[in-house]
Structures are given as C-alpha cells and as structure tokens.
Amino acid sequence: MKISNILRRIGMTSLFLLAFWATLSSISNVTYADFGLMLKKDHNVSANVFYAGQAEYRKIALQEKEFKVLKKQKKYISSEQIEGPKTVEEVINIDNYPKATVVATGYTAGVESTGKTSDHPQYGITYSGVKVKRDLYSTIAADLTVYPVGTIMWIPDYGFGVVADKGGAINGNKIDLYFHSIEDVYSQWGKREVDVYIIEKGNGVLTEEALLNLNENKALQVFREQMNKS
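Residues numbered from 1 in each chain as written. Predicted model: local features only at pLDDT ≥ 70, side-chain atom pairs only at ≥ 80, totals over all residues. Heavy atoms only, no water.

Engineer: How do you make sense of the layout of surface pockets when you look at a structure like this?
Structural biologist: Think of a ball as big as a water molecule: rolled over the atoms, this probe shows where empty space is left. In this structure, the second largest pocket occupies an estimated 260 Å³ of space. Lining the second largest pocket are 16 residues, with Tyr 107, Ser 113, Thr 114, Asp 165 and Lys 166 positioned closest to its centre. Its residues placed into classes, the lining of the second largest pocket shows six nonpolar, six polar and four charged. (1 Å grid on protein atoms, 1.4 Å probe; cavity = no way out; pocket = protein on both sides within 12 Å on 5 of 7 lines; lining within 4 Å. Points joined across faces, edges and corners; volume = space filled by probe spheres on them. Nonpolar A, V, L, I, M, F, W, Y, C, P; charged D, E, K, R; others polar.)

Engineer: Can you help me understand the pattern of salt bridges in this one?
Structural biologist: Once the charged atoms of two side chains with opposite charge are near each other, the side chains can pair. What the rule picks out here adds up to three salt bridges. With its nearest N and O atoms 3.5 Å apart, the salt bridge here joins Arg 192 to Asp 157. Residue Arg 192 is located in strand E6 (residues 191-200), and its partner Asp 157 is located in the loop between strand E3 (152-155) and strand E4 (159-165); the two are separated by 35 residues in the primary sequence. (Salt bridge = Lys/Arg side-chain N within 4 Å of Asp/Glu carboxyl O. Helix = DSSP H or I, 4+ residues; strand = E, 2+ residues; numbered from the N terminus.)

Engineer: Would you mind showing me how to read the sheet that holds strand E2 (residues 137-142) here?
Structural biologist: The strands making up a sheet associate through backbone hydrogen bonding, with each pair oriented either parallel or antiparallel. Around the barrel, which closes on itself, the six strands sit in the order E1-E5-E2-E4-E3-E6 with mixed pairing between neighbours. Averaged over all neighbouring strand pairs, the angle between strand axes comes to 45°, with direction disregarded. Where E2 and strand E5 (residues 174-178) come together, three bridges link them in antiparallel fashion. Looking at the pairing, Ala 141 lines up with Asp 176 of E5. Contacting strand E1 (99-107), E3, E5 and E6, helix H5 (residues 182-189) runs over the sheet at an angle of about 140° to E1. Along the sheet, helix H6 (residues 208-215) contacts E2, E3 and E4; its crossing angle with E2, the most-contacted strand, is approximately 130°. (Pairing = 2+ DSSP bridges. Axes fitted to C-alpha atoms, helices over the stretch in contact; angles between N-to-C directions. Contact = heavy atoms within 4.5 Å.)

Engineer: Looking at this model, I keep getting lost on the side chain of Arg 224. Mind explaining?
Structural biologist: Relative to the assigned elements, Arg 224 resides in helix H7 (residues 221-229). For Arg 224, a relative accessible area of 14% corresponds to the buried category. Looking at Arg 224, its side chain comes within polar contact range of the main-chain oxygen of Asn 215, at 2.8 Å. Side chain to side chain, Arg 224 and Glu 216 meet in a polar contact 3.1 Å long. (Buried < 20%, exposed > 50% of the residue type's maximum accessible area, 1.4 Å probe, protein only. Polar contact = N/O pair within 3.5 Å; in protein donor to acceptor, adjacent residues only side chain to side chain.)

Engineer: Would you mind going over the nonpolar core with me for this structure?
Structural biologist: A general tendency of soluble globular proteins is for nonpolar side chains to be buried together. Counting 23 residues, the largest nonpolar core has Met 153, Ile 155, Ile 175, Leu 177 and Val 196 as its most contacted members. Those elements that place two or more of their residues in this core are E1, E2, E3, E5, H5 and E6. When residues in this core are grouped by element, the largest group, four residues, is from E1. Excluding anything up to four places from it in sequence, Leu 177 contacts Ala 104, Thr 105, Gly 106, Tyr 107, Ile 140, Ile 155, Tyr 158 and Trp 189. One finds Val 88, Leu 136, Val 149 and Val 162 within the second-largest nonpolar core, a separate group that totals 17 residues. (Core = buried A, V, L, I, M, F, W, Y, C linked by side-chain atoms within 4.5 Å.)

Engineer: What's the story with the confidence of the model for the protein chain in this structure? I'm lost.
Structural biologist: Reading fine detail from the predicted coordinates is not recommended where pLDDT is low. Per-residue pLDDT for the protein chain averages 79, and the proportion of residues at 70 or more is 62%. Predicted confidence for residues 72-79 stays below pLDDT 50, and this span has seven contacts to residues more than four positions away or in other chains. (pLDDT = per-residue confidence, 0-100.)

Engineer: Could you clarify how one ought to interpret the packing of aromatic side chains in this entry?
Structural biologist: Pairs of aromatic rings are described using the distance from one ring centre to the other and the angle between the two planes. Taken as a whole and assessed by the stated rule, the structure comprises five aromatic pairs. Here the aromatic rings of Tyr 107 and Tyr 178 are separated by 5.8 Å at their centres, their planes lie at 70°, and the arrangement is edge-to-face. Placement of Tyr 107 in strand E1 and of Tyr 178 in strand E5 is noted, with a sequence separation of 71 residues between them. On the basis of relative accessible area, Tyr 178 is assigned to the buried category, the value being 7%. Their ring planes at 5° and their centres at 4.3 Å tell us that Tyr 137 and Phe 160 sit as a pair that is stacked. Placement of the pair is Tyr 137 in strand E2 and Phe 160 in strand E4, with a sequence separation of 23 residues. Here Tyr 137 matches Phe 160 in class, with each residue buried. The rings of Tyr 137, Trp 154 and Phe 160 are connected pair by pair, giving a single aromatic cluster. Cation over ring: Arg 134 sits above Tyr 158, and NZ or CZ is 3.9 Å from the ring centre. Arg 192 extends its terminal NZ or CZ atom over the ring of Trp 189, reaching a point 3.7 Å from the ring centre. (Phe/Tyr/Trp six-rings, centres within 6.5 Å; stacked < 30°, edge-to-face > 60°. Lys NZ or Arg CZ within 6 Å of the ring centre and 35° of its normal.)

Engineer: Help me understand the pairing of E6, please; the structure alone is not making it clear to me.
Structural biologist: Look at any regular strand and the pattern is simple: side chains alternate between the two faces of the sheet. As paired strands, E1 and E6 are joined by seven bridges and run antiparallel to one another. Paired with Val 102 across the bridge in E6 is Val 194. Examined bridge by bridge, E3 and E6 share three bridges and lie antiparallel to one another. Within E6, the residue paired with Ile 152 across the bridge is Glu 200.

Given below as structure tokens:
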C-alpha cells in the first residue's frame, strides 16, 4: 500500500472524528474544556475514595491493636480489690436480722448420715425434694416445727443455709449442715454452738428453681466464687 493512500485514510479518519465531536458538542453543549474537567473530577473522586478507604483501614487496624492491648491487660479482681462491702455480712446488713443460738453439726448424703447408698433411688434427695447442695446457699436440715422448709439463715463460717431436710435427731434449736464428704464434716465443721441469723422464714416449700435463683444472686457472685474455691 502506498504511503499516499495511508496518509489519505488517516486524514479522512481525523476529519470524521472532528465532525463527530462537533456534532456531539453541538447537541450536548459539552466542550473540550468541559470534557477535560470531567476527567479531572472523576480522577479527584477516585482519589478521595482511595484515601478514604486508606483512612478507614488505618482506623480499623488501630482499633484491633487497642483491643489486643486491652485484652492482654485484663485482670480479675477479688473482693479485697473492689470498693464497698468486703464480706457477705456487710452486704446484707446482718445485724438487721433476728438471731438464734443453735447447735450445728454436719451431715452428708451418704449412708453414715442418711442410711442410703449411692445406688438408692432417693440418694442425695432431701425431704423437700431438692438435691443436696453445698454452694453459696447450701441445703441444711432442721426441726421443721421451728424452721419450716425454705427458711433461709446465715451461718457464720459456713454461709447461707436453706432448710430443705429434716432428721430424727434434729429437733428444737439444732441444725445439720450439708457437706460433700464425712472428711469435710470433720475438717471444716465438726459440732459447735453458733449464733445464726434468720434471713427469711420458710413457707414449707422449696424447689430446685428457687434454690438456683438464690445461688445466682448477682450481687453475691464474688463471694460464691471465693467459697467454692476454698
């Protein structure tokens, strides 16, 4: 192909493009300057989006870094470190409740205390129907004519006791405190005369749900954790 033919085609193509642009410009009122401005604006928008994305990424990275630092610094506190009451007696204002002097002994769910072996269908089940429990609120036995089922009392050095059981030798001002084993009875309690505080008189009924709710008392959970660790 001759060079003159190539030049002629290039010239015709250029004329066609110029004519097309002139037609488009007259119809849409868009000039070369406007077109350049649009390109510049699109570039600026893209740049702004890019820089905004970078800023958001840096913000998220910083938040994740701060979270990791806080997580490493997290510490658990004990009742000695918290402000306010340090003992259960202070929390519940123990002196506001009536006091009674009782003889308290310890018992277990085993044959030595109940005559039931572990394969007995009623093993570990108290007179009230709930299972024996050693917790923030523990099950205890009492003379039900003096302290009906459901009676709650505070027993120093033991904790809260909820009357759930009775016993042939438990009468008058005598109570029996539940422990997991006979070893715990002898090492942690034995037999002693103690002043107890009657927090609430029972109505003769105690359910597992009621006992669970007592033990989940949020205000006393720090003391519950301490007791269960001891």
